[in-house]
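The lines below spell out each chain.
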Amino acid sequence: MNANTTVRTARRCTIRIAAAALIAAASFSLTACNNDTDDTGTKKPVASAESSSGGSSSGAQGSDAKPDAKTGGKTGDTDKAPSSTGGQKLADGSTAKIDKLGTQHYRLKIINDGAVLATLEANQRDAGLDANGMYVVLTLGGEVHSWMGGEHSGPGTYKLAGGWTAKVTKVGDAHFRADIIGNEGSVDGTLEANQHDDGMDANGVYIVLSAGGVISAHE
């Protein structure tokens, strides 16, 4: 073999190696660009917006949601009749039983040993009773107050508990009137005992005027 033949053979080998390198590079480039497949060549799925949000909007109304509470109470029960209370002891040891008949309308029964000794009714105004020396006031709100003593009898002007003054006049048989006078000399209330006793709550001072002209007050 001469020198020229050796040179041509070497050039052919170099060209073939270069061509093989180019093919391998091209193949690697195509694989790198196809990045949405996994190692097995399977295409990877694209996550949806719904699955990544953790559920639909209706999930906010889950089992933890609670309905609004509703009030089931009745209104106006305090104005319904009848209702009653009992067992309150009075000044002489008897018992008061109070029945509500309507709005600002109450009836009181004085009971001793199971027997009803007297009845007092307050309808839109206070009422009072002289029960044999025990004085009782039933207010239009259904409160009862009782006491003993502190009497003044007959027509006249008398100082009462709480700074009140009573001017008692006789109008007729079993008919007396008492003007209740305040510190400034004005008549702030009137009791009219006509055939039955009368009573009032004068700003926390309880006053009874009997049909016999006896007046008593207590605070």
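Anyway, here's the lowdown on the structure attached to this text. (Residues numbered from 1 in each chain as written. Predicted model: local features only at pLDDT ≥ 70, side-chain atom pairs only at ≥ 80, totals over all residues. Heavy atoms only, no water.)

Some thoughts on the overall build of the chain
If you tally the helices and strands in the chain, you get two helices and 15 strands. Nonlocal contacts in the chain, meaning residues at least 24 apart in sequence, comprise 31% of its contacts between residues at least 6 apart. Carbon and sulfur atoms form 52% of the exposed surface of the chain, whose accessible area is close to 14,400 Å². (Helix = DSSP H or I, 4+ residues; strand = E, 2+ residues; numbered from the N terminus. Contact = heavy atoms within 4.5 Å. Areas by Shrake-Rupley, 256 points an atom, 1.4 Å probe, with all protein chains shown as cover.)

Some remarks on the pairing of strand S6 (residues 134-138)
One face of the sheet, then the other: side chains in a regular strand alternate in exactly this way. Taking burial as the measure, the five residues of S6 include five buried ones, the bulk of the element. Residues Met134, Val136 and Leu138 point to one face of S6 and Tyr135 and Val137 to the other, with burial holding for every one of them. Where strand S5 (residues 127-131) meets S6, five bridges bridge the pair, whose relative direction is antiparallel. Each bridged residue has a counterpart across the sheet, and for Gly128 the counterpart in S6 is Val137. If you look at the hairpin formed by S5 and S6, you'll find two residues sitting between the two strands, and Asn132 has a positive phi there, around 55 degrees. Hairpin connection, S6 to strand S7 (residues 144-148): the antiparallel pair is bridged by five residues, and Gly142 has positive phi, about 90 degrees. (Buried < 20%, exposed > 50% of the residue type's maximum accessible area, 1.4 Å probe, protein only. Pairing = 2+ DSSP bridges.)

Some points on the sheet that holds S6
One open sheet holds the three strands; their spatial order is S5-S6-S7, and the pairing between them is antiparallel. Every other strand in the sheet has two partners, leaving S5 and S7 as the edge strands with one partner each. Direction aside, neighbouring strands of the sheet carry axes that sit 15 degrees apart on average. (Axes fitted to C-alpha atoms, helices over the stretch in contact; angles between N-to-C directions.)

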